[in-house]
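# Examining the three-dimensional arrangement
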Amino acid sequence: MLEVIILAAGHGSRMQSSTAKVLHLLAGQPLVSHVLGTAREVGAKRIHMVVGHDADAVQAVVTAPDVQCHLQQQQLGTGHAVQQAIHNCDSESTVLVLFGDVPLIHRDSLDEVIRAASSGMAMLSSHVPDPAGYGRVLRDAKGAFQGVVEERDATADQRRLSEINTGVLAAPAAAFCQYLERLTNDNAQGEYYLPEVLKLAREDGATVTVVQSDRALDCLGVNTPQQLEQLERLHQGALADQLMSQGVLIVDRLRVDIRGALHCGRDVCIDVNTVFEGTVTLAGGVSIGANCIISNSNIGEGAQVHPFTHIEGAEIKAGASIGPYARIRPGTVIDEVAKVGNFVEIKNTHLGRAAKASHLAYLGDADVGSKSNVGAGTITCNYDGANKYRTVLGESVFVGSNSTLVAPVTIDSGGFVAAGSTITDNVAPDQLAVARGRQRNVDGWRRPKKPEETD
Ligand code: UD1
Ligand code: MG
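Quick summary incoming for the structure in this document. What you see is a predicted model; the values in this text were computed from it and never measured.

## Quick look at the packing of aromatic side chains
On inspection of all chains with the given rule, the structure shows three aromatic pairs. Residues Phe308 and Tyr325 carry aromatic rings whose centres are separated by 4.8 Å and whose planes lie at 0° to one another, so their mutual orientation is stacked. With a gap of 17 residues between them, Phe308 in the loop between strand E19 (304-305) and strand E20 (310-312) and Tyr325 in the loop between strand E22 (321-322) and strand E23 (327-328) connect regions that are remote in the sequence. We classify Phe308 as partly exposed; its relative accessible area is 40%.

## Structural notes on the side chain of Gln236
By the element assignment, Gln236 lies in helix H8 (residues 225-245). Overall, the relative accessible area of 0% leaves Gln236 in the buried class. With sequence-adjacent residues up to four places away left out, Gln236 is seen in contact with Ala27, Arg253, Val256, Asp257 and Ile258.

## Topic: the site of ligand 1
Residues in close proximity to ligand 1 total 24 residues, the closest being Gln72, Thr78, Asp101, Glu150 and Asn165. At a separation of 2.8 Å, an oxygen atom of ligand 1 approaches a polar side-chain atom of Asp101. Taken by itself ligand 1 offers 760 Å² of open surface, and the protein chains cover 91% of this. Looking at the shell around ligand 1, the elements that each hand over two or more residues are strand E1 (2-8), helix H3 (78-86) and strand E10 (163-172). Along the lines of polarity and charge, the residues of the shell around ligand 1 split into ten nonpolar, ten polar and four charged.

## Points about the coordination of the magnesium ion (ligand 2)
Of the protein atoms, only Asp101 (OD) and Asn223 (OD1) coordinate the magnesium ion (ligand 2), at distances of 2.0 to 2.3 Å. Here Asp101, found in the loop between strand E6 (94-99) and helix H4 (107-116), pairs with Asn223, found in the loop between strand E11 (208-213) and H8; they are 122 residues apart in sequence, far enough to count as distant. Residue class for Asn223 comes out buried when judged on its relative accessible area of 13%.

## Notes on the packing of H3 against helix H6 (residues 173-181)
Taken N-terminus to C-terminus, the directions of H3 and H6 make an angle of 130°; their axes are 10 Å apart at the nearest point. The angle between H3 and H6 places the two elements in the oblique class. In terms of crossing hand, the pair formed by H3 and H6 is left-handed. Across the interface between the two elements, Gly79, Val82, Gln83 and Ile86 of H3 pack against Ala173, Phe176, Cys177 and Leu180 of H6. Split by residue class, the contact of H3 with H6 holds six nonpolar, two polar and no charged.

## Quick look at the environment of Asn291
Residue position: Asn291 is located in the loop between strand E16 (287-288) and strand E17 (293-295). Considering only alpha carbons, one finds Asn291 and Pro307, 16 residues apart in sequence, at a separation of 5.6 Å. If we skip the residues at most four places from it in the chain, Asn291 touches Val272, Asn273, Thr274, Phe308 and Thr309. Side chain to side chain, Asn291 and Asn273 meet in a polar contact 3.3 Å long.

## Comments concerning the nonpolar core
Core analysis: the largest hydrophobic core is formed by 67 residues, its most contacted members being Ile5, Ile6, Leu96, Met121, Phe176 and Val197. Among the elements that take part in this core, E1 stands out by supplying six residues, more than any other. Sequence-distant contacts of Leu96, that is, excluding residues within four places in its chain, are made with Leu2, Glu3, Val4, Ile5, Val42, Leu110, Ile114, Val168, Leu169 and Ala170. Listed in part, the 50 residues of the second largest apolar core include Ile299, Ala314, Ile322 and Ala326.

Each value, and the rule that gives it
Going along each chain's sequence as written, the residues are numbered from 1 onward. Just so you know, chain letters begin at A and ligand numbers begin at 1, following the order they were written in. Given that this is a predicted model, residues contribute local features only at a pLDDT of at least 70 and side-chain atom pairs are listed and counted only at 80 or more, while totals for whole chains, interfaces and linings are drawn from all residues. The side-chain quantities take in all heavy atoms of the structure and omit both hydrogens and water. Aromatic rings from Phe, Tyr and Trp, taking only the six-membered ring of Trp, are treated as a pair when their centres fall within 6.5 Å; an angle between ring planes under 30 degrees marks them as stacked, one over 60 as edge-to-face, and anything in between as tilted. Only DSSP runs of H or I covering at least 4 residues are called helices, and only runs of E covering at least 2 are called strands; the numbering of each starts at the N terminus. Only protein chains enter the calculation, and the probe is 1.4 Å; a residue is then buried if its accessible area is under 20% of its type maximum, exposed if over 50%, and partly exposed in between. In this analysis, two residues are considered to be in contact whenever any of their non-hydrogen atoms come within 4.5 Å of each other. Proximity criterion: a residue is near a molecule or strand once any of its heavy atoms comes within 4 Å of it. Pairs of N or O atoms within 3.5 Å make up the polar contacts considered here, provided that, within protein, one atom can donate a hydrogen while the other can accept it, and that residues adjacent in sequence are counted only when both atoms are side-chain atoms. To be clear on the numbers: accessible area is Shrake-Rupley with a 1.4 Å probe, and residue cover counts the displayed protein chains and nothing else. Residues are grouped as follows: Ala, Val, Leu, Ile, Met, Phe, Trp, Tyr, Cys and Pro are nonpolar; Asp, Glu, Lys and Arg are charged; every other residue, Gly included, is polar. Water is not among the atoms examined, so metal sites may look incomplete; donors are the N, O and S atoms within 2.8 Å of the metal, or within 3.2 Å for Na, K and Ca. Lines are fitted to the C-alpha atoms to define the axes, a helix being fitted only along its stretch in contact, and any angle between axes, read from their N-to-C directions, falls within 0 to 180 degrees. Orientation is classified from the angle alone, with under 35 degrees giving roughly parallel, over 145 giving roughly antiparallel, 65 to 115 giving roughly perpendicular, and any other angle giving oblique. Crossings are assigned a handedness: left-handed for a near helix turned anticlockwise from the far helix by less than a right angle, right-handed for a clockwise turn. Here, the term nonpolar core denotes a set of buried Ala, Val, Leu, Ile, Met, Phe, Trp, Tyr and Cys residues that are joined through side-chain atoms within 4.5 Å.

Put into structure tokens, the structure is as follows:
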């Protein structure tokens, strides 16, 4: 049985933040949630989370039936952290340790470490371009593993080594327990270092396998805001590459952010500075203009989202045209070939097929029938300060500019609202509703004059 221990108790003082390090976001998800997902991917039967700093907040994020949290009261080092959880593991299990601040560790690298742990202790190392800050792997003249030295305990020569300890370690639970008990804190930081167990095992003549990952970038840890930013950019670049390899046209791979799952059909085009959050689906032929933010929404075939548009929790159907500068809020459904133009805000509204709201409008809690037209400056008054009400427009309704539709109200199919009306009563099919003060033209009216102009 495989059990995974995830270390997430540290403060992360190098982040200089009041938020626990493992709760900082990468691609829109807490660092520790990425690691939790990977633990499940490798088939962990039980997941042990070591929490300490900001324990309640971390626990709230990781809570799940397959996760047990263990409190590390004082953060005395990574070895001490594993000691808090190891006694809850079955003595027959293989135990895999993952660090909550190494978010992109890949299952392909882990599978090999887990296999190696069937015959002793195993760790994952990697050659990285900039090893500063990491523990370095020490080898003898023949290349055999000697141990891991932390940056702060390392000599200048050792610091030049580029093979780092990724933090990933796997071992049979019983052997692991035995070496953890023998850890001391006789080092520069006065901490119980986890990698010391490997040295103890080697000195005992036990097998220690060092698996080298060729996915160096996935092994990077986050200790500083700079490392978080670097990892985010690397990850986003990789996500963009993956989409491009499926034929998605991305104008600039470094100016797209995917904070969740983005599914794309054929011939999708994504312009610069676009952010996708949660689960977003772009069907074939969709184009997303520059500077759009799209969250948890489906965009139908051939729909066009023009620049500076914000869409959240909406369903946009085929051939629709949205924006520029539109805001589509949760609960909105925009049917086929409908059009939403600039400075239009829509919330919890169904806009029917080929309906239009082309400029400057607010539609909240409304049903707009197909081919209806909502003029510029029109708003639905859906809220009386306590309750919300619906506005219902039938098919081919025309609402003149600057109208105020006071809900609950219905304008039946073919209804026509004169510009500038405040509609409080229902309008029957094909009726014209005029609800505004009559124009009065006054003859012989004299404009007020300034004092110096008086005759
Ligand atoms: C650690 C390794 C280093 C390795 C690097 C890989 C040790 C001593 N050092 O260094 O060899 O190259 O990771 O990224 O293991 N944590 C606890 N309790 C503690 C201390 C830490 O839960 O008492 C957790 C942290 O929350 C973090 C992880 O363990 O998720 C690693 O701790 P961190 O302080 O970041 O270690 P590094 O200095 O990065
Ligand atoms: Mg770290």
